[in-house]
Structure formats: C-alpha cells, structure tokens
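Architecture and fold: a report
Take a look at the letters that make up each chain.
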Amino acid sequence: MRVKGLPTPVLPAVLPIAGAIGVFGVVYGAAARPLLGGPLTVASSVVVFSGAAQFTMVGLLAEGASSLAVLWAVAVLSLRHLALGAAIRSGMPDSRSRRAGAAWFVIDETVGLALARPDESHTVLLRAGIACYLAWIAGTVVGVAGAAAVGLEALAAAVFPVLFVGLASLMARNLDLVARTSAAATLTLVLLLAWPGLGGLAPVVAAIAVSAAGRR
Amino acid sequence: MDVALVAAAAVVTYGSRAAAIVFLPPPTGKMLTFIERLPAPLFAGLAVFALVGDAAAWPEPPALCAAAAALAVAPRRSLAVTLAAGLAAYLLGTVLW
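What you are looking at is a predicted structure, and each value in this text was computed from that prediction instead of being measured. (Residues numbered from 1 in each chain as written. Chains lettered and ligands numbered in written order. Predicted model: local features only at pLDDT ≥ 70, side-chain atom pairs only at ≥ 80, totals over all residues. Heavy atoms only, no water.)

1. Some points on the overall build of chain A
- Helix and strand counts for chain A stand at ten helices and zero strands.
- Secondary structure elements of chain A, listed N to C terminal, follow the sequence α-α-α-α-α-α-α-α-α-α.
- Scaling as 2.2 N^0.38, a compact globule of 216 residues should have a C-alpha radius of gyration of about 17 Å, and chain A matches this with 18 Å.
- Taking the principal axes of its C-alpha atoms as reference, chain A extends roughly 50 × 45 × 35 Å.
- Relative to its 216 residues, chain A shows a buried fraction of 52%.
- A separation of at least 24 residues holds for 71% of the contacts in chain A among residues at least 6 apart in sequence.
- When the accessible area of chain A is evaluated, it comes to approximately 8800 Å², of which 69% is carbon and sulfur surface.
- Positive and negative charge centroids in chain A, built from 14 and 8 side chains respectively, lie 8 Å apart. (Helix = DSSP H or I, 4+ residues; strand = E, 2+ residues; numbered from the N terminus. Rg over C-alpha atoms; globule rule 2.2 N^0.38 Å. Buried < 20%, exposed > 50% of the residue type's maximum accessible area, 1.4 Å probe, protein only. Contact = heavy atoms within 4.5 Å. Areas by Shrake-Rupley, 256 points an atom, 1.4 Å probe, with all protein chains shown as cover. Lys, Arg positive; Asp, Glu negative; His and termini not counted. Charge placed at Lys NZ, Arg CZ, Asp CG, Glu CD.)

Okay, here's the thing in structure tokens:
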C-alpha cells in the first residue's frame, strides 16, 4: 500500500531533498577545504557520504580534537543507521551483495522515502540514494571551488528539521505512531537539556524508548 | 593523518549502515513491531536535534518559523507541501527578523 506523500515516479519527491543536500554540500566544501584541503574534502564526501559525520569531523578538527575523539563522535552519530537499516531490512533483496550495495545509500532521507513505498523500498532507496549522493558530491566540489556559502548555511540548517518533520509525518500512519512521534520529540528535547553531551544519541535513545514502550 | 581519519570515518559510517541490512535477518514478531514503530519517532527526534543542536539552544527565528510551518502542515502527510511551507516560512522569517 502506497503512503500518501510520495508520488510516482520517485524523482519528483527526491529532487527537493537532493537540492537541500547539495546546498549543504556547498557549505561543507567551503568549511572543510581550509582544514582538509580540496582533494581530501571531495574525497571525504565520496567515501563517507554523511553530512552529520563530516561536519562533526571538521568541527572537531578545527577545535583541535584528537582522532579518537572524532571517530567516537562519528560512531555515535552513526548509531541511528542501525535503526534505519533494521527498519528497511525486510524490503531488501535476498542477495547479500545487493544488500551491501544498497547499504551505501542508507541515510535518513533515503530511508524515509523508501519506507513510504514498502512495495518498492529497494528501488526507491537506490534511486533516491544515487540522486542524493551525486548532489552531495557536486555540492562539495562547488564549495571547494570557492562558492560563497554566505547565507546558505543558515538556510541549509533550517531545511533539515523541516525535512525530518516531513519524513516523520509520512511514517506516522496512525494515532499510536503520532503519539509516539510526539513523545520522542519531547523526550529528545528533555534529554538534550538534561545531558547536552548526549548529542546525536538523544534522538536514538528517545526513539528506542518510545518504540519499545507499550503493548503490541 | 587526516587521510587515515577520513578513511576510518568512512569505515565506521558504512559499517553502521551495513550492519543491520547485510548481517542481520529480517526482523519478526515483537522485534518487527518494535522496528516498524521506530522510524517516525526517530525522525521526530532528529528534527528536534537538527533544530536545537547539542546544547538545546533556542533556534534562530527563521529556522523556528520553518519548523513551525512544517509542523502545521504535517497532518497533510505530504513531503512536498511540508518542504514548501517550511521554505516559505523561513523566507518570511528572514524578512520579519
């Protein structure tokens, strides 16, 4: 059954998301180049493909953090991939090598789109993933090349909460899920206020807590 | 050293993506119920984290306007409408503040 909000074909839904990711890529490229140099900045987007991890890495490096501290922060931010991967697992092909290929494109946005089309989740994941991946690299290249990121950073930062609200609304298909979703948002805020050091763990902890609560 | 760090970050990131998809079987029973519940709350938590950051700081007014508009149209359950509303509210917010 198709969930409202994801038109056929996939591309119209993916384009605005890929656009936002591309803009964020420009910001990343401009921010990372002074620290990593142009080639390594682009290479990081090619081999990591995670805005959260890459921005965190660059931010911590700028503050003089050790490599271990950077890797720990990346690992914490990556924890949510476990949840996203588990959520989409049943829609993946039987072939392990195909699943390994699909895993490359597991990011918040592509998984959200794929879950909205459970009958075609693998195809959606791949198509959305390729579009977002190319947009991320292209944006990084543009940023490295010297494109001004003034004003874009604030816009990009504002777009991602909007995207996540949109993805949450697609997934919250009944009152129970709406309640759990609202609870998770509240709990995340409480966790961040009480333990700022939790950082990227807070939404994962909140989501696990509200998803595990209650009867089947 | 930076090259090694980027490579390590790539391994960690891909490893986390592949772990559940490649090495675990599809969930069943109560685990399936739990997994099916997970995405919506996770995205909601990520929205909050993206908005307020590590220190749970009050967001800039345009970003707050964008998020509020997204929430207002969320019952429409349309990604396109949500993005459009959020962007429009952001632009309005930059004008007003």
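2. Points about the pattern of salt bridges
Residues and elements named next belong to chain A.
- Using the criterion set out here, one finds three salt bridges over all chains in the structure.
- Between Arg80 and Asp108 there is a salt bridge whose closest N-O contact spans 2.8 Å. Separated by 28 residues along the polypeptide, Arg80 in helix H4 (residues 67–88) and Asp108 in helix H6 (residues 108–115) bring together distant segments of the chain. Summarising the burial analysis for this pair, Arg80 and Asp108 share the class buried.
- With a closest N to O distance of 2.8 Å, Glu120 and Arg117 form a salt bridge. (Salt bridge = Lys/Arg side-chain N within 4 Å of Asp/Glu carboxyl O.)

3. Here we look at the interface of chain A and chain B
- At the junction of the two partners, chain A supplies 88 residues and chain B supplies 63 residues.
- Across the chain A to chain B interface the summed buried area is about 6300 Å²; carbon plus sulfur atoms make up 75%.
- Linking chain A with chain B are zero salt bridges, by the criterion used here.
- There are 16 residue pairs in polar contact (both at pLDDT 80 or more) connecting chain A and chain B.
- The element that contributes the greatest number of residues to the side of chain A that touches chain B is H4(A), accounting for 16 residues.
- Considering only residue class, the side of chain A that touches chain B consists of 59 nonpolar, 18 polar and eleven charged. (Buried area = accessible area lost by both parts, 1.4 Å probe. Polar contact = N/O pair within 3.5 Å; in protein donor to acceptor, adjacent residues only side chain to side chain. Nonpolar A, V, L, I, M, F, W, Y, C, P; charged D, E, K, R; others polar.)

4. Overview of the packing of aromatic side chains
Residue and element names in this part refer to chain A.
- In the structure shown here, the tally under the stated rule is nine aromatic pairs over all chains.
- Ring centres of Phe49 and Tyr133 lie 4.9 Å apart, and the angle between their planes is 65°; on these two criteria the pair is classed as edge-to-face. Taken together, the positions of Phe49 in the loop between helix H2 (38–47) and helix H3 (51–62) and Tyr133 in helix H7 (residues 121–144) put the pair 84 residues apart, joining distant regions of the chain.
- Classification of Phe49 by relative accessible area gives buried; the value is 3%.
- Classification of Tyr133 as buried rests on a relative accessible area of 16%.
- Ring centres of Trp104 and Tyr133 lie 6.0 Å apart, and the angle between their planes is 90°; on these two criteria the pair is classed as edge-to-face. You can see Trp104 sitting in the loop between helix H5 (96–103) and H6 and its partner Tyr133 sitting in helix H7, a full 29 residues away along the chain.
- According to the relative accessible area criterion, Trp104 is partly exposed, its value standing at 21%.
- Aromatic rings pair up to connect Phe24, Tyr28, Phe55, Trp136 and Phe160 into one cluster. (Phe/Tyr/Trp six-rings, centres within 6.5 Å; stacked < 30°, edge-to-face > 60°.)

5. So, the packing of helix H1 (residues 11–36) of chain A against helix H8 (residues 152–171) of chain A
Residues and elements named next belong to chain A.
- Between H1 and H8, the shortest axis-to-axis distance is 9 Å and the interhelical angle comes to 140°. Once H1 is placed against H8, the crossing between them reads as left-handed. Between H1 and H8, the contacting residues are Ile17, Ala20, Ile21, Val23, Phe24, Val26 and Val27 on the first element and Leu152, Glu153, Ala156, Ala157, Val159, Phe160 and Leu163 on the second.
- Per-class residue counts for the contact of H1 with H8 are 13 nonpolar, no polar and one charged. (Axes fitted to C-alpha atoms, helices over the stretch in contact; angles between N-to-C directions. Left-handed = near helix turned anticlockwise from the far one by under 90°.)

6. Concerning the environment of A:Val111
- Structurally, A:Val111 is set in helix H6.
- When the C-alpha atoms of A:Val111 and A:Leu84 are compared, they prove to be 6.7 Å apart, with 27 residues separating the residues in sequence.

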